[in-house]
Amino acid sequence: MPHTTEPRRRTAGRALAPGRSATRPGVLPRALLAALLGGLALLGVLATASPAAAHAALTGSDPAQGSVVRDAPEQVSLDFSEGVTMSEDSIRVLDPHGERADTGKIRDTGTAGKVQRTVSLKPGVPQGTYTVAWQAVSADSHPVSGAFTFSVGKPSKTTATVPQEDKNTGGGAVGTLYGIGRYAAYAGYVLLIGGAAFVLLCAPRAASSRAVQRLTVTGWTVLTAATLALLLLRNPYTGSGRLADVTDLGGLGDVVATKPGAALVSRLLLLAAAGLFVSVLFGAYARRENGGRDTDGRTGGATQGAADAGTGSAKTDGTAAEGAGTDGAEAVRERRDLRYGLAIGGTVVAAGLAATWAMAEHASTGLQTAVAMPVDVLHLLAVALWLGGLAALFCLLRWGPSPTGAEARRFSRVAFTSVTVLAATGLYQSWRQVGTLDALTSTSYGQLLIVKVVLVAALVAVGWFSRRWTARLTEDPAAGQCPQAARAAAVPGSRSPERAATPAGTARAAGTTRPSAPPAGEEDEPEGDGAAPAEPAPADPVRAAQLARQRAAANAARRRRQREADPQRSGLRRSVLTEAGIAVVLLIVTTVLTSTEPARTEEQARAAGASQGASGPVDVKIPFDTGGPRGKGTAELELDPGTSGENTLELRTTDPAGRPVEAPEVKVSFTLPAKDLGPLSVTPEPVRGEKGRWKASDVRLPLPGKWKVAVTVRTSDIDQVTAYKTATIG
């Protein structure tokens with residue numbers, strides 16, 4: 001016996017290395033894994049490039065940015081484009097020396113849907129330039145901060161600086177890690193929901209596939225780990241920006257009390273239910289669907305095979321007949337009930353997980369939130385069914401069991417439905433977040449949306465080729481092989497493909513008594529017209545386990561060659577792998593898109609910035625020359641606050657040396673040529689005790705625009721001139 005066993009051991013050993021390296025079903029494909037890692041690296045670069053874009057924009061303030069007010073205000077008010085959350089000291093007003101000029105108490109003063117936050121100033125604020133630094137969390141969970149200045153009386157030098165924590169908000173190492181966590185959470189959700197849905201909707205027998213099992217469990221693990229990381233990083237991400245604050249339990253408590261924190265905690269609770277769902281799906285459901293057999297080709301795994309070989313146990317015809325007899329009407333009803341229960345429970349868990357994004361992201365704020373949130377849930381579900389199912393299909397094509405034509409066509413229908421839902425919900429979301437065609441090309445959000453549409457179009461195009469390959473699939477994975485390919489698929493020294501493809505249960509039903517884990521030599525020994533007699537297993541359990549592992553590796557290599565020899569399934573595998581690569585890039589763009597300021601908000605902030613930049617006193621200098629003695633000079637006109645509506649006008653006249661010029665009469669008029677309005681005449685009164693200074697109150701300009709300002713100066717009874725200049729007011 002030792003003499004006949006040793007050559008077989010060497011033969012099995014030669015088949016071990018290639019089998020193991022190429023057919024481990026529990027490992028993601030190297031190309032897909034490399035794409036995922038590359039996506040994480042690219043996301044890290046994008047996250048490091050700049051802090052997270054703000055989704056709530058500052059649309060106005062009182063005093064206005066850059067303005068010069070005559071009297072010290074009692075408070076500072078900030079207006080935002082959407083709801084914000086502010087803690088104490090989120091608005092700080094610093095005087096020219098960098099000292100706090102505010103009381104630190106923030107009030108919500110918004111009315112009629114207006115989002116406004118106000119902080120009171122200390123009494124007796126002196127003249128000079130003041131710096132307003134603010135920090136908030138927008139309604140869609142993203143941090144936003146900024147700073148601006150205004151002056152009281154007249155501008156002055158200032159030593160105030162924006163606090164460092166405001167500069168770090170949403171950026172730095174914490175921002176990079178947070179961005180990677182967001183990408184990992186999306187990827188985990190897609191793999192978890194897509195893998196489970198593929199089993200229930202397309203290929204129930206894939207519940208016992210090791211590759212599909214590990215794909216889905218990996219999705220659950222990644223999503224859970226990413227959610228925990230996001231919860232811990234939330235405090236420094238929206239606050240100090242210091243990685244050390246991850247361990248701040250007080251800050252973690254504050255985060256849980258916010259809407260984004262509550263969404264993350266809810267996601268963790270739902271993931272606990274999802275873990276139970278996955279265990280039932282790949283446990284009880286898999287056993288009922290496949291009769292306890294592993295669809296990767298093993299009846300009980302290497303350990304069971306070794307045990308059977310060590311004890312010499314064998315399954316006889318009676319055992320097979322008994323198993324077939326129990327699969328009656330009762331078993332069919334139990335499988336149906338279990339599938340319905342898993343389908344209902346899985347739908348609830350999947351929709352609940354998607355809702356944790358919808359309740360804290362773009363859909364939770366802005367236009368039509370009651371419609372946008374359910375639409376966002378449908379959008380995420382469609383993405384998961386399509387891309388996650390695609391990954392599960394690739395696992396079957398790569399590691400087996402190779403999908404039948406019916407299973408591939410079922411997924412093709414699911415993918416088509418998902419793409420239809422994706423297009424409809426995406427069109428609505430695009431209108432809601434972009435608004436205009438101009439914003440589609442002039443904003444970062446619109447440009448990223450174009451990239452996403454191009455990637456989706458590429459996925460659909462590659463999917464069209466996949467559908468063509470799917471239509472060519474036969475029901476039996478081995479039926480599509482040509483004779484030459486079938487011969488090439490066989491492992492040297494193994495049985496013929498036809499006999500190798502015969503299930504062990506068929507052989508047992510035919511009356512052949514074979515061990516469930518035959519010795520390695522039997523698998524590698526050529527067979528003639530009759531079956532080789534079964535040999536007793538080695539008495540040594542360690543040796544039996546070793547032979548079982550070697551035989552499993554050889555069988556896996558043979559099955560892989562059979563799958564790859566089918567040209568239809570080989571072509572489908574290549575097209576699906578291409579789709580998976582594009583899907584990884586699509587997930588990256590989607591993650592960046594969700595952290596980018598929507599186009600509507602960006603345009604609103606841009607308009608507000610232009611309005612802020614144009615606000616404040618308008619200064620106009622108009623040279624004049626009356627032609628008489630001391631008739632040359634400059635009229636310096638100041639219009640405060642320089643907006644449409646009520647203004648105060650001050651006018652000074654000086655000679656070329658800068659000395660005041662006294663004039664018997666000065667007149668001012670305003671004309672708006674674009675609206676054919678004016679001239680609106682103003683006659684300022686001289687200021688007592690001040691030579692060459694005039695003042696007029698209640699100067700009303702009805703509209704903003706480019707006004708033509710005319711100043712008439714009379715220096716004597718006969719010396720008079722009118723000078724003109726255009727100024728943008730309002």
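That block above? That's the structure.
What you see is a predicted model; the values in this text were computed from it and never measured. (Residues numbered from 1 in each chain as written. Predicted model: local features only at pLDDT ≥ 70, side-chain atom pairs only at ≥ 80, totals over all residues. Heavy atoms only, no water.)

## Observations regarding the overall build of the chain
Here is step 1: Along the backbone of the chain there are 21 helices and 18 strands.
Here is step 2: Scored against the burial criterion, the 730 residues of the chain give a buried share of 48%.
Here is step 3: Contacts in the chain between residues at least 24 apart in sequence constitute 74% of all its contacts with a sequence separation of at least 6.
Here is step 4: Accessible surface computed for the chain: about 33700 Å², of which carbon and sulfur atoms make up 59%. (Helix = DSSP H or I, 4+ residues; strand = E, 2+ residues; numbered from the N terminus. Buried < 20%, exposed > 50% of the residue type's maximum accessible area, 1.4 Å probe, protein only. Contact = heavy atoms within 4.5 Å. Areas by Shrake-Rupley, 256 points an atom, 1.4 Å probe, with all protein chains shown as cover.)

## Points about the layout of surface pockets
Here is step 1: Taken as a whole, the second largest pocket encloses approximately 880 Å³ of empty space.
Here is step 2: Around the second largest pocket sit 42 residues that line it, and His379, Gly426, Gln429, Leu449 and Lys452 are the ones nearest its centre.
Here is step 3: For the lining of the second largest pocket, the element with the most residues is helix α12 (residues 405–434), which contributes 12 residues.
Here is step 4: The class makeup of the residues in the lining of the second largest pocket is 28 nonpolar, 10 polar and 4 charged. (1 Å grid on protein atoms, 1.4 Å probe; cavity = no way out; pocket = protein on both sides within 12 Å on 5 of 7 lines; lining within 4 Å. Points joined across faces, edges and corners; volume = space filled by probe spheres on them. Nonpolar A, V, L, I, M, F, W, Y, C, P; charged D, E, K, R; others polar.)

## Description of empty space enclosed by the protein
Here is step 1: Evaluation of the coordinates by the stated rule reveals 2 cavities of 30 Å³ or more.
Here is step 2: Quantified by volume, the second largest cavity comes out at close to 120 Å³.
Here is step 3: Around the second largest cavity, the lining is made up of 14 residues, and of these Tyr178, Arg182, Leu264, Arg267 and Glu361 lie nearest the centre.
Here is step 4: Only α4 (172–201), α5 (210–238), α7 (259–290) and α10 (329–358) provide two or more residues apiece to the lining of the second largest cavity.
Here is step 5: Across the lining of the second largest cavity, the residue classes tally to 8 nonpolar, 2 polar and 4 charged.

## What to know about the side chain of threonine 356
Here is step 1: Looking at the element boundaries, threonine 356 is found in helix α10.
Here is step 2: We classify threonine 356 as buried; its relative accessible area is 3%.
Here is step 3: In this structure the side chain of threonine 356 is engaged in a polar contact, spanning 3.0 Å, whose partner is the side chain of arginine 267.
Here is step 4: Reaching out from threonine 356, the side chain makes a polar contact with the backbone oxygen of leucine 353 at a distance of 2.5 Å.
Here is step 5: Every residue in contact with threonine 356, bar those within four places of it in the chain, is listed here: Ala263, Ser266, Arg267 and Leu270. (Polar contact = N/O pair within 3.5 Å; in protein donor to acceptor, adjacent residues only side chain to side chain.)

## Side note on the nonpolar core
Here is step 1: Ranked by internal contacts, the top residues of the largest apolar core, which has 81 residues, are Tyr189, Phe198 and Leu281.
Here is step 2: Put simply, the parts of the chain that give this core at least two residues each are α4, α5, α7, α10, α11 (369–399), α12, α14 (444–472) and α20 (567–594).
Here is step 3: Those residues within four positions of phenylalanine 198 in sequence are excluded, and the remaining contacts are Ala203, Ala206, Gly389, Ala392, Leu393, Leu396 and Phe411.
Here is step 4: The next biggest cluster of nonpolar side chains, apart from the first, holds 26 residues, and it includes Leu637, Leu639, Leu651 and Val709. (Core = buried A, V, L, I, M, F, W, Y, C linked by side-chain atoms within 4.5 Å.)

## Remarks on the packing of aromatic side chains
Given two aromatic rings, their pairing is described by the distance between the two centres and the angle made by the two planes.
Here is step 1: All chains considered together, the criterion is met by 7 aromatic pairs.
Here is step 2: Each member of the aromatic cluster is reached from another via a ring pair, and the members are Tyr186, Tyr189 and Trp357.
Here is step 3: Residue placement shows arginine 267 over the ring face of tryptophan 357; its charged tip is 3.9 Å from the ring centre.
Here is step 4: One Lys or Arg, lysine 708, reaches over the ring of tyrosine 724 and ends 4.8 Å from the middle of that ring. (Phe/Tyr/Trp six-rings, centres within 6.5 Å; stacked < 30°, edge-to-face > 60°. Lys NZ or Arg CZ within 6 Å of the ring centre and 35° of its normal.)

## Some points on the sheet that holds strand β1 (residues 58–62)
Here is step 1: What the 4 strands build is an open sheet, ordered β1-β3-β7-β6; its pairing is antiparallel. Edge positions in the open sheet fall to β1 and β6 (102–108), since each of these has one partner strand only. Each adjacent strand pair in this sheet contributes to an overall mean axis angle of 20°, direction not counted. (Pairing = 2+ DSSP bridges. Axes fitted to C-alpha atoms, helices over the stretch in contact; angles between N-to-C directions.)

## Section: the packing of α10 against α11
Here is step 1: α11 packs onto α10 with a crossing angle of 120° between their chain directions and a minimal axis gap of 9 Å. Judged by the angle between their axes, α10 and α11 are oblique. Here α10 runs over α11; the crossing is right-handed. Counting all contacts with α10, which are made through Ala350, Ala351, Ala354, Ala355, Trp357 and Ala358, the residues of α11 involved are Met373, Asp376, Val377, Leu380 and Leu381.
Here is step 2: A breakdown of the residues in the contact of α10 with α11 according to their chemical character gives 10 nonpolar, no polar and 1 charged. (Parallel < 35°, antiparallel > 145°, perpendicular 65-115°, else oblique. Left-handed = near helix turned anticlockwise from the far one by under 90°.)

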